[in-house]
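A structural walkthrough
Here is what each chain is made of, one letter per residue.
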Amino acid sequence: MERRLAAIVCADVAGYSRMMGSDEAGTHAAFKAHRSAIHPIILNHGGRVVKNTGDGFLLEFPSIVGATEAAIAMQTLMAERNQHLPADRAMQFRLGIHMGDVIADEDEVFGDDVNIAVRLESVASPGGFAISAKAYEEASKHLTVPLVDAGNHRFKNIKDPIGVWTWTHEGAPALAPELKEASNLAQQYRTAIVGVLPFANLSDAQDEYFSDGLTEDLIHALSLQSFYRVLSRNSTFTFKGRNTSTRLIAREIDATYLIQGSVRRAGAKIRVTAELIAPETGEQLWTGRYDRDIGDLFAMQDEITTNLSAAIATEIVRAEASAPARLSTDVTAWDRFLKGLSHYYRQTKEDLNAAVELFREAIRLEPKLSIAHAYLATIQIQSIQFGWVKGTRQMWAEAMNLAETSVRLDPRSSFAFSILSWVHAMEGHDEAAMDAAKRAVALNPYDVGARGVLGICHFVIGEHREAIELFSMAAQRDNSDPRYQWAALNAFSHYLLGQYDATLSWAREQLYVNPNHMQALAIRAAALAQLGRTAEASEATLVLMGNYPTLNVDRHLRNFHWKRPEDIAHYREGLLKAGVPLGKLTLVQSDVKRAAES
């Protein structure tokens, strides 16, 4: 093992996953042909290929001038090769260039300066390159092309901000407009890269098909999320059967998170274990185990995939939200969004207010950031339901506008359609809510949140048994996601069916998470009153009014747009029995106290 100064070039193909999805064999063949064509350029400038990855490569040069000249020559050649191809088949490389001290071991190179080159590639334009200010200073006097100062950038796992200069070949073909926008958003926002390693088959070789099939299904399910990027099967299946550390694998495929697991079969039963790892630290972020009877093999595989993807997707978002601050003097929309997300996950009134301001700032910095609009709409609804703000016409109109904007900006996001459905349901737009919920489920059948929102649509029209089935499924598979309050919703559904004991159980579950949840406190008081447990109902009302002293039945029910009048009447009856004031009264606290003492 030795240390040496070197120039590092990292390359990948813009939109490679999309191209593989439409034509796997053709894309792979084209990539190999392009790579062979540029190989002489690498050699002519004194470089060597350190390693090839699924959709790119890592190069080492003894000179930063040679590395930069090679990058210009490579992109010039690629522009010529792409010139006569349709926009959706043009294969464009993004290159990152940096120089510094590297560790060389068995033809591989490691170190922070290698990682910086990898990160720089992510901000390069398709058909161009991004070079660090340090490398640019050394190479600039020898370059014949003008570069653009792109300012300082903060990169994941890199301590200090990096100055960046960029260049793009004039002949680089433009991507199709819709693909260009999606590509730019992906580069700028989807900072997390997820790799699913082949699940180990711990049974007979004849069961290998099941472990491979489960891995492929999980890759597909996770790829339907819009928060992060999931590497293709080709990127991770190359490690099947290889005894390589997760840290080295992550470095080779540039993964932020890795998922690995195993499948063991014994007679008619099967056990699947899985874990989510942050490979840089080796931290196990989540682990799960699923024991199932084989039965209908495909149905069982689909159920496990749904459970895995629901749990893992939530944990990745949580991990990104709680990651160390990435902020620098160069504030980006994604920085602001992630900071807002970290506050949102704390679920206090003060933190939700802080999240609102950060999400608004993210939208001001980047109006096309769909996910920020969706989360902001979510907070608007929850703040009203928690009783933290008054549900005015203006607030509901803003929530609707945010949800509609989120869908327009990212029409492939099941989350965006779920939030749109939720707002429609709360406003009493039953058909529009159901249409949006079904669209969300169709976009991502593995999105448990979307199925739960479909339950909200059944709930508001009075189909409570269907709602309970969907709420319960969502609570079992994804009860830690604060975007949805499955326990409170289940409490309401059981109440409207007259199942008051179950209402109390679900209300208690919600209050474990949020002790001041207004709707959970209210439905608990109503259920106790309906059960004839008068003293307990009075005490529950005292707690409710202590937290929300201005609450009254008329004002509370103003935000409920259920289709069936009898459901509204049923809830109203329980609240009044519990002693919640009908309208605006004075000395509310004294009235409640007397009721509790009687």
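Everything numeric in this text was worked out from a predicted model, so none of it was measured.

Comments concerning the packing of helix α11 (residues 333–344) against helix α12 (residues 349–365)
- Running from amino to carboxyl end, α11 crosses α12 at an angle of 165°, the nearest separation of the two axes being 8 Å. By the angle class used here, α11 and α12 are roughly antiparallel. Where α11 crosses over α12, the two elements pack in a sense that is left-handed. Of the residues in α12, those touching α11 at A333, R336, F337, K339, G340, L341, H343 and Y344 are D351, L352, A354, A355, L358, F359, E361, A362 and L365.
- Counted by class, the contact of α11 with α12 contains eleven nonpolar, two polar and four charged residues.

Topic: the nonpolar core
- Ranked by internal contacts, the top residues of the largest apolar core, which has 132 residues, are F199, L308, F337, L341 and Y571.
- Looking at this core element by element, the count peaks at eleven residues for helix α10 (residues 297–321).
- One finds A11, M20, I97 and F129 within the second-largest nonpolar core, a separate group that totals 34 residues.

Comments concerning the side chain of S211
- Counting through the fold element by element, S211 comes out in helix α7 (residues 208–223).
- Residue classification places S211 among the buried residues on the basis of a relative accessible area of 0%.
- Apart from residues lying up to four places away in sequence, S211 is in contact with F199, N201 and V263.

What to know about the pattern of salt bridges
- Using the criterion set out here, one finds 21 salt bridges in the structure.
- The partner of R533 in a salt bridge is E536, with the nearest N and O atoms 2.9 Å apart.
- Residue E536 is classed as partly exposed on the basis of its relative accessible area, which comes to 37%.
- The partner of R564 in a salt bridge is E566, with the nearest N and O atoms 3.5 Å apart.
- Of the residues examined, R564 reaches a relative accessible area of 30% and is grouped as partly exposed.
- A single network of salt bridges, built from pairs that share partners, joins E2, R4, R48 and E60.

A short note on the packing of helix α21 (residues 518–530) against helix α24 (residues 565–578)
- Taken N-terminus to C-terminus, the directions of α21 and α24 make an angle of 80°; their axes are 7 Å apart at the nearest point. When the interaxial angle is binned, α21 and α24 end up roughly perpendicular. Across the interface between the two elements, A522, I523, A525, A526, A529 and Q530 of α21 pack against H570, Y571, E573, G574, L575, K577 and A578 of α24.

Digging into helix α13 (residues 370–385)
- Here α13 spans 23 Å end to end across 16 residues, near enough to the 22 Å set by a 1.5 Å rise per residue.
- A large share of α13 lies buried, amounting to 16 of its 16 residues.
- Looking one or two places after α13, you find G387, whose phi comes out positive at around 85°.

Digging into the packing of aromatic side chains
- Tallied over the entire structure, the rule returns 24 aromatic pairs.
- Seen from their ring centres, F57 and F93 are 5.5 Å apart, and the 55° between their planes marks the pair as tilted. Residue F57 is located in strand β3 (residues 56–61), and its partner F93 is located in strand β4 (residues 93–105); the two are separated by 36 residues in the primary sequence.
- The buried category is assigned to F57, whose relative accessible area is 3%.
- Among the residues examined, F93 registers a relative accessible area of 2% and is labelled buried.
- Ring plane angle 35° and centroid distance 5.9 Å describe the contact between W562 and Y571, whose orientation is recorded as tilted.
- Residue classification places W562 among the buried positions, given a relative accessible area of 11%.
- Looking at Y571, the relative accessible area reads 0%, which means it is buried.
- Members of the aromatic cluster, joined through ring pairs, are W334, F337, Y344, Y345, F359, Y375 and F415.
- The ring of F415 is capped by R483, whose NZ or CZ atom sits 4.4 Å from the centre of that ring.

Quick look at the side chain of N552
- Tracing the backbone through its elements, the reader meets N552 in the loop between α22 (534–547) and α23 (553–557).
- According to the relative accessible area criterion, N552 is buried, its value standing at 8%.
- Within the structure, the side chain of N552 is placed 3.3 Å from the backbone nitrogen of D554, a separation counted as a polar contact.

Side note on the pairing of strand β8 (residues 162–168)
- Across the seven residues of β8, five count as buried, placing the element largely inside the fold.
- Both strand β6 (residues 128–132) and β8 contribute to a ladder of five bridges, which runs antiparallel. Pairing of F129 across the sheet is with W167, part of β8.

Describing the confidence of the model for the protein chain
- Summary statistics for the protein chain give a mean pLDDT of 83 and a share of 90% for residues scoring 70 or more.
- In this model residues 173–190 is a low-confidence stretch, pLDDT under 50, and it forms 32 contacts with partners more than four residues away in sequence or in other chains.
- Note on residues 325–330: pLDDT under 50 across the span, and twelve contacts to partners over four residues away in sequence or across chains.

Points about unusual backbone geometry
- Backbone geometry places Q347, a non-glycine residue, at a positive phi of 55°.
- Position of Q347 relative to the elements: it lies in the loop between α11 and α12.

Remarks on the pairing of strand β2 (residues 48–53)
- Summarising the sheet, β2 and β3 pair through five bridges and their orientation is antiparallel. Its bridge partner being in β3, T53 is matched across the sheet by G56.
- Taking the residues between adjacent antiparallel strands as the criterion, β2 and β3 are bridged by two residues.

Procedures and definitions
- Residues numbered from 1 in each chain as written.
- Predicted model: local features only at pLDDT ≥ 70, side-chain atom pairs only at ≥ 80, totals over all residues.
- Heavy atoms only, no water.
- Axes fitted to C-alpha atoms, helices over the stretch in contact; angles between N-to-C directions.
- Helix = DSSP H or I, 4+ residues; strand = E, 2+ residues; numbered from the N terminus.
- Parallel < 35°, antiparallel > 145°, perpendicular 65-115°, else oblique.
- Left-handed = near helix turned anticlockwise from the far one by under 90°.
- Contact = heavy atoms within 4.5 Å.
- Nonpolar A, V, L, I, M, F, W, Y, C, P; charged D, E, K, R; others polar.
- Core = buried A, V, L, I, M, F, W, Y, C linked by side-chain atoms within 4.5 Å.
- Buried < 20%, exposed > 50% of the residue type's maximum accessible area, 1.4 Å probe, protein only.
- Salt bridge = Lys/Arg side-chain N within 4 Å of Asp/Glu carboxyl O.
- Expected span 1.5 Å × (residues − 1).
- Phe/Tyr/Trp six-rings, centres within 6.5 Å; stacked < 30°, edge-to-face > 60°.
- Lys NZ or Arg CZ within 6 Å of the ring centre and 35° of its normal.
- Polar contact = N/O pair within 3.5 Å; in protein donor to acceptor, adjacent residues only side chain to side chain.
- Pairing = 2+ DSSP bridges.
- pLDDT = per-residue confidence, 0-100.

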